[in-house]
Amino acid sequence: MTQTYQSEAQENNQTGKVESPTVPVLNPEEGYVYFEGRVVPMGEAKISIATHALQYGTACFEGIRGYWNEEHEKLYILKLRAHYERMAHSWNTLMMKPKESVDDLCALTAELVRKHGYRSDVYIRPLAYKASRTIKLTLSSLEDALAIYLFPMGNYVDISAGLNVCTSSWRRASSNAMPVRAKVTGAYINSCLAVDDATAAGFDEAIMLTDDGTVSEGSSCNLFIIRNGKFVTPALSEDILEGITRNALIEMIEKKFGMEVEQRRIDRTELYASDEVFLCGTGVQVSPVTSVDRRRVGTGQPGALTMQLQQAYLAACKGEDPQYSEWVTPVSYA
Ligand code: PMP
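Values in this document were obtained by computation on a predicted structure and should not be read as measured data.

A. Layout of the overall build of the protein. Summing up its helical and strand segments, the protein has seven helices and 19 strands in all. The C-alpha radius of gyration of the protein comes to 20 Å, within 12% of the 20 Å expected for a compact globule of 334 residues. In terms of overall dimensions, the protein has C-alpha extents of about 50 × 50 × 40 Å along its principal axes. The buried share of the protein, reckoned over its 334 residues, is 51%. In the protein, of all internal contacts separated by at least 6 residues, the share reaching a separation of at least 24 is 69%. Carbon and sulfur atoms form 49% of the exposed surface of the protein, whose accessible area is close to 15300 Å².

Right under this line is the structure:
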């Protein structure tokens, strides 16, 4: 089936160019949702205004990509199990006990993808939420529910031109204030504040610092720098989300490129002195950064190693690299 959706074309204040449409606004009546134990049309997946998750942001989610390979006539779901394993940590943090296991969710997701039959790249959004209709401030003894939906989505940002980013005055919520390893919906206000400030000032994305002022990550992505032939990324102790793309790239850099990845603290000013900088995540994939705080990174063009890595990563995502066939779950419609 085909899905109609509107797209938001965003004016890039800095360059004056209009970016290609990226993030779709969904038609509330189209598509299907795995909702509270069964698959229903999108229009029937409704919750009460009094839902705890809506009141307090007590839900957790994942963002999973599926890559359509025209030649193979298959849609490849990327790192399906890893996403649900991380989601299981998130729901454990929120004291949730969904009925579905990680195995069930992998199977349900592949089935939902098959039901839609999209012959384009897709984005899959599982959401586990506190469904009780109560204002009580607690994470315990509440009803849980789970939903999964999906929609066609291409690139979330321009992955070829190079992003102009800034460091945000909003600090990344610290592990002492928020469970940063869990993808908790309420915590994303932190990201929204940083992104809105960055775009209003003419940047493409915000880099968030820790409470100590060292580099943590982007609003919805992790970060790498390359200095003197070595890849460096903020350590897990830098209040980052433990990104699945970050892990995948560490594996690829070490095994395929035979290069070292250092995980350590990165100072803000080290970004200015880097040869290359790039962002990575399910949404942004591998996106070169060409300026930070209006200072040129390297030559001011997307870095050569970054673009090689992007190419190798996308080939793996599309099921084109047998070395990484375990990264993807193929779904065919025939
Ligand atoms: N950090 C944050 C805050 C995110 O929301 C995401 C996207 N899930 C990432 C990093 C990148 O994680 P992943 O590679 O698992 O998509």
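That covers the picture; the talk isn't over yet.
B. Quick peek at a nonpolar patch on the surface. A cluster of nonpolar side chains, I47, I49 and L54, forms an exposed patch at the surface whose accessible area comes to about 330 Å². You can see I49 is positioned in the loop between strand 4 (38–41) and helix 1 (52–56). Taking the relative accessible area as the measure of exposure, I49 reaches 68% and is therefore exposed.

C. Looking closely at the side chain of T214. Assignment of secondary structure puts T214 in the loop between strand 11 (205–209) and strand 12 (215–218). Residue classification places T214 among the buried positions, given a relative accessible area of 4%. Here E238 takes part through its side chain, which lies 2.6 Å from a polar atom of the side chain of T214. Contact partners of T214, with chain neighbours within four places excluded, come to M208, L209, E238, R265, I266 and D267.

D. The arrangement of the site of the ligand in detail. In the neighbourhood of the ligand, 15 residues make up the surrounding shell, with R86, K183, Y188, T245 and T282 lying closest. With respect to the ligand, the side chain of R86 contributes an N or O atom lying 2.8 Å from an oxygen atom. Between a nitrogen atom of the ligand and a side-chain N or O atom of K183, the distance comes to 2.6 Å.

E. Quick peek at the nonpolar core. F224, F231, L249, M252, L279, Y313 and W327 are the most contacted members of the largest nonpolar core, which has 45 residues in total. At seven residues, helix 7 (residues 304–317) tops the list of elements feeding residues into this core. Those residues in contact with Y313 that sit more than four places away from it in its chain are Y67, L78, T245, L249, M252, Q285, V286 and W327. One finds L75, L80, A88 and V184 within the second-largest nonpolar core, a separate group that totals 29 residues.

F. Summary view of the packing of helix 5 (residues 244–255) against helix 7. Orientation of helix 5 relative to helix 7, taken along the N-to-C sense of each, is 110°, at an axis distance of 11 Å. When the axes of helix 5 and helix 7 are compared, the pair comes out roughly perpendicular. The two elements helix 5 and helix 7 meet at a crossing, and its hand is right-handed. When helix 5 is examined against helix 7, the residues T245, L249, M252 and I253 are found in contact with a partner set consisting of L309, A312, Y313 and A316. Split into classes, the residues belonging to the contact of helix 5 with helix 7 amount to seven nonpolar, one polar and no charged.

G. Molecular detail of the pattern of salt bridges. On inspection of all chains with the given rule, the structure shows 17 salt bridges. Taking the shortest distance from any N to any O, the salt bridge between E217 and R172 comes out at 3.1 Å. Of this pair, E217 sits in strand 12 while R172 sits in the loop between strand 10 (163–167) and helix 4 (189–200); the two residues are 45 residues apart in sequence, bridging distant segments of the chain. For the residue pair E217 and R172, the accessibility class agrees, reading buried in each case. Put simply, R227 and E270 hold a salt bridge, and the shortest N to O gap is 3.0 Å. With R227 in strand 13 (residues 222–227) and E270 in helix 6 (residues 268–272), this pair connects stretches of sequence that are 43 residues apart. Sharing partners across several salt bridges, the network here consists of R227, K230, E260, E262, R264 and E270.

Quick notes on the rules
Residues numbered from 1 in each chain as written. Predicted model: local features only at pLDDT ≥ 70, side-chain atom pairs only at ≥ 80, totals over all residues. Heavy atoms only, no water. Helix = DSSP H or I, 4+ residues; strand = E, 2+ residues; numbered from the N terminus. Rg over C-alpha atoms; globule rule 2.2 N^0.38 Å. Buried < 20%, exposed > 50% of the residue type's maximum accessible area, 1.4 Å probe, protein only. Contact = heavy atoms within 4.5 Å. Areas by Shrake-Rupley, 256 points an atom, 1.4 Å probe, with all protein chains shown as cover. Patch = residues over 30% accessible without salt bridge, like charges linked within 9 Å, V, L, I, M, F, W, Y side chains within 5 Å. Salt bridge = Lys/Arg side-chain N within 4 Å of Asp/Glu carboxyl O. Polar contact = N/O pair within 3.5 Å; in protein donor to acceptor, adjacent residues only side chain to side chain. Near = heavy atom within 4 Å. Core = buried A, V, L, I, M, F, W, Y, C linked by side-chain atoms within 4.5 Å. Axes fitted to C-alpha atoms, helices over the stretch in contact; angles between N-to-C directions. Parallel < 35°, antiparallel > 145°, perpendicular 65-115°, else oblique. Left-handed = near helix turned anticlockwise from the far one by under 90°. Nonpolar A, V, L, I, M, F, W, Y, C, P; charged D, E, K, R; others polar.

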